[in-house]
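# Results of the structural survey
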Amino acid sequence: MRTDPLALAATDTAVVIAVVFVLLVLAAVAALLLRRRRPGPAAPPKELERRPRREEPPPPRAAAPPPPVPAARPPPLSAEEARLAREAEEARRKDEYRRKKEAEREEKERRRQEREQEEERARERAEQATRESEEARRREEEERRRRAEAEAGRTLAAGLEKTRGGFMARLNALFVGGRMVDEAVLADLEEVLFTADIGVKTATKLLEAARERVKKKELSDPDRLKGALREEIARILALDGVPDGAAQPLAVGTARPWVVMVVGVNGSGKTTTIGKLAAKLASGGHSVLLGAGDTFRAAAGEQLEVWAERVRVPVVRGKEGTDPASVCFEAVQRGAAEKVDVVLCDTAGRLHTKMPLMEELKKVKRVIGKAAAGAPHEVLLVLDATNGQNAIAQARQFNESLGVTGIVLTKLDGTAKGGVIIGICDELRIPVRYVGIGETVADLKPFAPGEFVEALFA
């Protein structure tokens, strides 16, 4: 059957028009339904209808957040890639673990080193402290040793070294070679004794005692003759009343103040002896006051002030040229007012051959007696051992004028005439209180006859 083309075209056009019409009808129905669902605005009141309407800006609309972008999903890994990823992760974790352990090991090593360094520093500090302590101990021991030596001073044997090299050396020379004691030996002994600065009277006494015992056949042996001389010298020095040759230093009595008047010729060491004696008394617990009565020698007052400052004791000093008696009077009065234990009064150096000067010392002694009843309680004579027999003459004159109660023999270490002390004790029967054998305070030693004899015949 054959179809007409025009008929087919008319049929297709009709179908298209029908479809378009249906779509338009559907669109109209949809619009109508949409309008019915959306409510319309309420009718404004009449009052508001009359008023002009105020246009208000519409509220701003919040910007809508952008829609989330879905994460891109990685493409699935193949089995080989997954294996390689696992191996890489495992290697990363192993490397991280290794670095962590290495860091821990390094931290531990660092702490160990710091601990060892701190321990080493502690050991070094301890060793340094030990060394310093040991050094301080050695210094302290050395200081104690030096102080002990300074306090002990020189030994009497060392101080009599020159005397042993003179008088005793010549005496010992008589007994060498095993000589028998006869008149020739006694003649030599006489020469030694009379040139030994012990004084003629004492030399004669020792020689006669030796001759008497030789006649009795008691001293035929040289050693026995030497022993006999030693015994006789010890008896003379002990003043026949001191047991065992003990020392008789200055003794502070009960009177307060205990006044000591110190006399002697210029250059005998009088002022220095006062300073050393003040140091000894102060170290023994006594309060001391110095009186600078040597007003005719300017250096004497200054020297005594230096000693007073060193020993830390007060001093009474007058102007240069002031009456010595007035200075001593003031010192004793002050000592009484302040209840001082000991007042040491220095006096002007006086030559024993100048009678007007000795009369001046008598005046000083009388004035001191007016300042305190019974004063001075001790008159201490300072003699220079280097003067030899002249010191014996000085002692005799001062004793006659002032009534010397004790003697200080200075500079014994600087002379071979130390035997003078034997003559002083024999002729004057005055106790020797101290001997000076050096420059320090400790070198002013209490005189012990027994020790002196031991040192002399050593």
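Notes on the structure follow. A quick note: this is a predicted structure, and the numbers were derived from the prediction, not measured. (Residues numbered from 1 in each chain as written. Predicted model: local features only at pLDDT ≥ 70, side-chain atom pairs only at ≥ 80, totals over all residues. Heavy atoms only, no water.)

### Points about the packing of aromatic side chains
Under the criterion given, the structure shown has 1 aromatic pair. The aromatic ring of W307 is capped on one face by R310, whose charged end is 4.3 Å from the ring centroid. (Phe/Tyr/Trp six-rings, centres within 6.5 Å; stacked < 30°, edge-to-face > 60°. Lys NZ or Arg CZ within 6 Å of the ring centre and 35° of its normal.)

### Re the pairing of strand β2 (residues 288-292)
Regular strands place side chains that alternate from one sheet face to the opposite one. In terms of burial, β2 is largely enclosed, as 5 of its 5 residues are buried. Side-chain alternation along β2 places V288, L290 and A292 on one buried face and L289 and G291 on a second face that is also buried. Here 3 bridges tie β2 to strand β3 (residues 315-317), and the two strands are oriented parallel to one another. Residue pairing for β3: A292 is matched across the bridge by R317. (Buried < 20%, exposed > 50% of the residue type's maximum accessible area, 1.4 Å probe, protein only. Helix = DSSP H or I, 4+ residues; strand = E, 2+ residues; numbered from the N terminus. Pairing = 2+ DSSP bridges.)

### Quick look at unusual backbone geometry
Here the amide bond leading from R256 into P257 is cis, since omega sits at 0°, within 30 degrees of zero. In this structure, the amide linkage connecting A375 to the following residue, P376, adopts the cis form with an omega of -5°. Even without being glycine, R312 reaches a positive phi, approximately 65°. Residue position: R312 is located in the loop between α10 (298-311) and β3.

### A word on the state of the cysteines
On inspection of all chains with the given rule, the structure shows 0 disulfides. With no disulfide of its own, C328 lies 4.2 Å from the sulfur of C345, the closest cysteine sulfur. What makes C328 buried here is its relative accessible area of 0%. (Disulfide = S-S within 2.5 Å.)

### Things to note about the pairing of strand β6 (residues 406-410)
Burial analysis of β6 places 5 of its 5 residues in the buried class, the great majority of the element. As paired strands, strand β5 (residues 378-384) and β6 are joined by 5 bridges and run parallel to one another. Residue pairing in the sheet places D384 in a bridge with T410 of β6. Considered for its hand, the β-α-β crossover made up of β5, helix α13 (residues 389-402) and β6 is right-handed. Bridge analysis of β6 against strand β7 (residues 432-436) gives 3 bridges, and the strand direction is parallel. Note that in β7 the partner of I407 across the bridge is V432. Assessed by its sense of winding, the connection that carries the chain from β6 through helix α14 (residues 420-428) to β7 is right-handed. (Right-handed = clockwise from strand over helix to strand, strands pointing away.)

### With respect to the side chain of T273
Mapped onto the fold, T273 is located in helix α9 (residues 270-283). Relative accessible area serves as the criterion here: at 5%, T273 is assigned to the buried category. If sequence neighbours within four positions are ignored, T273 has contacts with V382, V408, T410 and L444. (Contact = heavy atoms within 4.5 Å.)

Remember, this is a structural readout, not a statement about activity or role.
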